[in-house]
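Chain by chain, the residues:
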Amino acid sequence: MMIKLQDVHLHFGAHHALRGINLDVKQGEVISILGPSGSGKSTLLRCLNLLERPTKGKIYIDGDNILGSHFDVTRLRRHVGMIFQGFNLFPHLTVLNNITLAPQNVRGLQVEDAEERAHALLKKVGLYNQAHKHPNQLSGGQKQRVAIARALAMEPNILLLDEPTSALDPEMVKEVMCVIQTLQEDNITMLAVSHEMSFAKNIAQRLLFMDEGQIIEDTTPNAFFNNPQTTRAKAFLDQINY
């Protein structure tokens, strides 16, 4: 298994955010994580790159226990990319420099190699001609595509997407989802928290439904949308437009 979680718990004071999460993820799987607000979806993603550290349990990535006392967090983040809903681009840097910064500083790439990779990725996300603009000159959809290119510049094996389209206008959602869909060709393992049902239905191979810090359904998108197994999942689907 590429990712393995064993009895993972996380407390924020008295709040029990994750309650005994067990999960196996294979190389190249694309997983959608759904659930109501506060169910632990984003917290689960944040544990996978140690933005949050579980109170109890084990997390293995490529056989390494990332919660071990001597584990190198920097090495983890070379291989696990994360895309946030807020883009998190550096406003004072150009698009090109936003993408080349981490490969140079973390992976040690030479400027020429980092820029060559950045231009290739900008072409992949449809922004080849925007390299020398600053983030304030881009639309929301363009900023998110730059954020995707920036994450891919580190050549991650795993990509975590935390509500990547929630800050976008409906017209921009489609362009970002099209880019994400192309990533399937690269055999990148993806876990995405998103209220965008088109991801769950058309891109994901597997669907996790969470409630109150637990995974209560682990199934295929088709099975979930057509035949949810729990009362809570049925109630959730009744409240959304899917």
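Residues numbered from 1 in each chain as written. Predicted model: local features only at pLDDT ≥ 70, side-chain atom pairs only at ≥ 80, totals over all residues. Heavy atoms only, no water.

**Student:** Hey, could you run me through the overall build of the protein chain in this one?
**Tutor:** Check the secondary structure of the protein chain and you find nine helices and 10 strands. Radius of gyration (C-alpha) of the protein chain: 18 Å, near the 18 Å computed for a compact globule of 242 residues. Its C-alpha atoms give the protein chain principal-axis dimensions of roughly 50 × 45 × 35 Å. Expressed as a percentage of its 242 residues, the buried residues of the protein chain come to 50%. In the protein chain, of all internal contacts separated by at least 6 residues, the share reaching a separation of at least 24 is 67%. Here the protein chain displays about 11400 Å² of accessible surface, and carbon together with sulfur accounts for 45% of that area. Computing the positive centroid from 24 side-chain charges and the negative centroid from 25, the protein chain places the two 2 Å apart. (Helix = DSSP H or I, 4+ residues; strand = E, 2+ residues; numbered from the N terminus. Rg over C-alpha atoms; globule rule 2.2 N^0.38 Å. Buried < 20%, exposed > 50% of the residue type's maximum accessible area, 1.4 Å probe, protein only. Contact = heavy atoms within 4.5 Å. Areas by Shrake-Rupley, 256 points an atom, 1.4 Å probe, with all protein chains shown as cover. Lys, Arg positive; Asp, Glu negative; His and termini not counted. Charge placed at Lys NZ, Arg CZ, Asp CG, Glu CD.)

**Student:** Honestly, the side chain of Glu 217 in this entry has me stumped. Any pointers?
**Tutor:** Relative to the elements of secondary structure, Glu 217 occurs in strand 10 (residues 214-219). Nearest to the buried, unbridged Glu 217 among oppositely charged side chains is Lys 234, at 7.7 Å. At 2.7 Å, the side chain of Glu 217 and the backbone nitrogen of Thr 230 are in polar contact. Here Glu 217 is in contact with Leu 207, Leu 208, Phe 209, Phe 224, Pro 228, Gln 229, Thr 230 and Ala 233, once residues within four sequence places are set aside. (Salt bridge = Lys/Arg side-chain N within 4 Å of Asp/Glu carboxyl O. Polar contact = N/O pair within 3.5 Å; in protein donor to acceptor, adjacent residues only side chain to side chain.)

**Student:** Please explain the packing of helix 3 (residues 95-105) against helix 5 (residues 140-152) as it appears in this structure.
**Tutor:** For any two helices packed against each other, the geometry comes down to the angle between their axes and how far apart the axes lie. Between helix 3 and helix 5, the least distance of the axes is 8 Å, while the angle of their chain directions is 25°. As judged from the angle between their axes, helix 3 and helix 5 are roughly parallel. The handedness of the crossing between helix 3 and helix 5 comes out as right-handed. Every residue of helix 5 that contacts helix 3 at Val 95, Asn 98 and Ile 99 is listed here: Val 146, Ala 149 and Arg 150. (Axes fitted to C-alpha atoms, helices over the stretch in contact; angles between N-to-C directions. Parallel < 35°, antiparallel > 145°, perpendicular 65-115°, else oblique. Left-handed = near helix turned anticlockwise from the far one by under 90°.)

**Student:** What's the story with helix 6 (residues 170-182) in this structure? I'm lost.
**Tutor:** Residue pairs three or four apart in sequence face the same way in an α-helix, which turns once every 3.6 residues. Among the residues of helix 6, Met 172, Val 173, Val 176, Met 177, Val 179 and Ile 180 are the ones counted as buried. Across the axial projection of helix 6, the buried residues extend over an arc of 155°, all falling on one side. Set apart from the buried face of helix 6 by more than 90 degrees, the exposed residues are Glu 171 and Lys 174. Buried positions along helix 6 lie against helix 5, strand 7 (158-162), strand 8 (189-193) and helix 7 (197-202). (Arc of directions from axis to C-beta.)

**Student:** Got a minute to help me understand helix 9 (residues 231-239) in this structure?
**Tutor:** Where helix 9 is concerned, the buried positions are Ala 233, Phe 236 and Leu 237. For helix 9, the angular spread of the buried residues around the axis is 95°, confining them to a single face. Across from the buried face of helix 9, at angles greater than 90 degrees, the exposed residues are Thr 231, Asp 238 and Gln 239. In this fold, the buried residues of helix 9 make contact with strand 3 (30-34), strand 9 (206-211), strand 10 and helix 8 (221-226).

**Student:** Explanation requested: the packing of aromatic side chains in the structure shown.
**Tutor:** Both the distance between ring centres and the angle between the ring planes are used here to describe each pair of aromatic rings. Taken as a whole and assessed by the stated rule, the structure comprises three aromatic pairs. Ring geometry for Phe 224 and Phe 225: centres 5.5 Å apart, planes at 80°, overall edge-to-face. Across the pair, exposure class does not vary: Phe 224 and Phe 225 are buried alike. Here the guanidinium or amino end of Lys 201 rests over the ring plane of Phe 225, the centre of that ring lying 5.3 Å away. (Phe/Tyr/Trp six-rings, centres within 6.5 Å; stacked < 30°, edge-to-face > 60°. Lys NZ or Arg CZ within 6 Å of the ring centre and 35° of its normal.)

**Student:** How should the sheet that holds strand 2 (residues 15-25) be read in this particular structure?
**Tutor:** Strand pairing within a sheet occurs via backbone hydrogen bonds; the two strands may be parallel or antiparallel. What the four strands build is an open sheet, ordered 2-1-4-5; its pairing is antiparallel. Looking along the sheet, the strands with just one partner apiece sit at the ends: strand 2 and strand 5 (64-65). (Pairing = 2+ DSSP bridges.)

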